[in-house]
Amino acid sequence: MPLAYFSAESRSLQERTEDSAHFWERNVESSTSIYTGLRGEQVAAAIATEGFTMVSREHAGTKMGLLRQRCTRHVLLALIFLEAAGVLALMFYALYWEVGNLVDLPDKRIGFYNFCLWNETGGKLQCLQYKHLQAMGISLLGMVLATVCVYVPLVFSIFYPIFFIYVKCTEKREGWKVILIILTTHIIMLIIGLGTFLFETSQWIHPSDFTGGFRALLGTQALLLLLILTVTMYLRWAKHAHP
């Protein structure tokens, strides 16, 4: 009896041990499957969050790029209009307000329409006629050429705002290219006109004699160069933004 009893007890203990092992195996498998499922959900959620973050970043980058392009366009257009207004104001001052006089001193007044020198005998300014200028060696043809080359850009500069507004509204690159050609032609005409005038009158003008009209014309040429540069930059921007 004792041997049978101990054999039964041993089998019962072995069965209980096996049942406990199976129980723990099932628990471990269940826990592993739950952990794996949770891990998969976390990974999927992380992937979805990363994808959303990438899309948001791409959208923000596109929006910032468009905003930067728009700001660049507005800045360039504002500079173009301001420079065009400055060109018009300086030319109006030099050729209309100063009546084209590049030298306007108490004892000397020399410009595109006036050539007056101090008369010691009469004690006042004496304005010379074209026949007197020719006798002094000043070419009438040269003075006419200088006057035309300087005043033609003034007439066209009055229409600068209309040209710019029309081209801005139509958004045509060809229009900006035409404006660029006009501006280049005008600065060449100003250089020719002013150079011819100074060549013909240099004998009676010293560098210290120049007054506001001459400085305004120099400022006009500088602004025209700046305007040409700005229009060129705008054309490059338009080519890059709208290829």
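Preceding this paragraph is the structure being described.
Computed from a predicted model, the values in this text were never measured in an experiment.

## Description of the state of the cysteines
- Within the structure shown, the criterion is met by 1 disulfide.
- One disulfide in the model links Cys116 with Cys127; its S-S distance is 1.9 Å. Because the torsion about its S-S bond is 90°, the bridge between Cys116 and Cys127 counts as right-handed. Here the residue Cys116 occupies a position in strand β3 (residues 115–119), and Cys127 occupies one in strand β4 (residues 124–127), the gap between them amounting to 11 residues.
- Residue Cys127 is classed as partly exposed on the basis of its relative accessible area, which comes to 42%.

## With respect to a nonpolar patch on the surface
- On the surface, a nonpolar cluster with roughly 470 Å² of combined accessible area is contributed by Val155, Phe156, Ile158, Phe159 and Ile162.
- Relative to the assigned elements, Ile162 resides in helix α4 (residues 160–170).

## Topic: the packing of aromatic side chains
- Going through the model one piece at a time under the given rule, you end up with 11 aromatic pairs.
- Between Tyr113 and Tyr151 the ring centres are 5.4 Å apart and the planes differ by 65°, which places this aromatic pair in the edge-to-face class. Here Tyr113 is found in the loop between β2 (108–111) and β3, whereas its partner Tyr151 is found in helix α3 (residues 140–157), with 38 residues between them in sequence.
- For the ring pair Phe210 and Phe214, a centre distance of 3.9 Å and an interplane angle of 20° mean the geometry is stacked.
- Ring-pair connections join several aromatic residues into one group, and the members of that group are Phe81, Tyr160, Phe164, Trp176, Tyr234 and Trp237.

## What to know about the pairing of β3
- For β2 and β3, the ladder comprises 3 bridges, and the chain directions are antiparallel. By the bridge assignment, Arg109 is partnered in β3 with Cys116.
- Where β2 hands over to β3, the hairpin turn is made up of 3 residues, counted between the paired strands.
- As paired strands, β3 and β4 are joined by 4 bridges and run antiparallel to one another. Note on β4: the bridge partner recorded for Cys116 is Cys127.
- Linkage of β3 to β4, two consecutive antiparallel strands, is achieved through a turn of 4 residues, within which Gly123 is found at a positive phi near 70°.

Each value, and the rule that gives it
- Residues numbered from 1 in each chain as written.
- Predicted model: local features only at pLDDT ≥ 70, side-chain atom pairs only at ≥ 80, totals over all residues.
- Heavy atoms only, no water.
- Disulfide = S-S within 2.5 Å.
- Helix = DSSP H or I, 4+ residues; strand = E, 2+ residues; numbered from the N terminus.
- Buried < 20%, exposed > 50% of the residue type's maximum accessible area, 1.4 Å probe, protein only.
- Patch = residues over 30% accessible without salt bridge, like charges linked within 9 Å, V, L, I, M, F, W, Y side chains within 5 Å.
- Areas by Shrake-Rupley, 256 points an atom, 1.4 Å probe, with all protein chains shown as cover.
- Salt bridge = Lys/Arg side-chain N within 4 Å of Asp/Glu carboxyl O.
- Phe/Tyr/Trp six-rings, centres within 6.5 Å; stacked < 30°, edge-to-face > 60°.
- Pairing = 2+ DSSP bridges.

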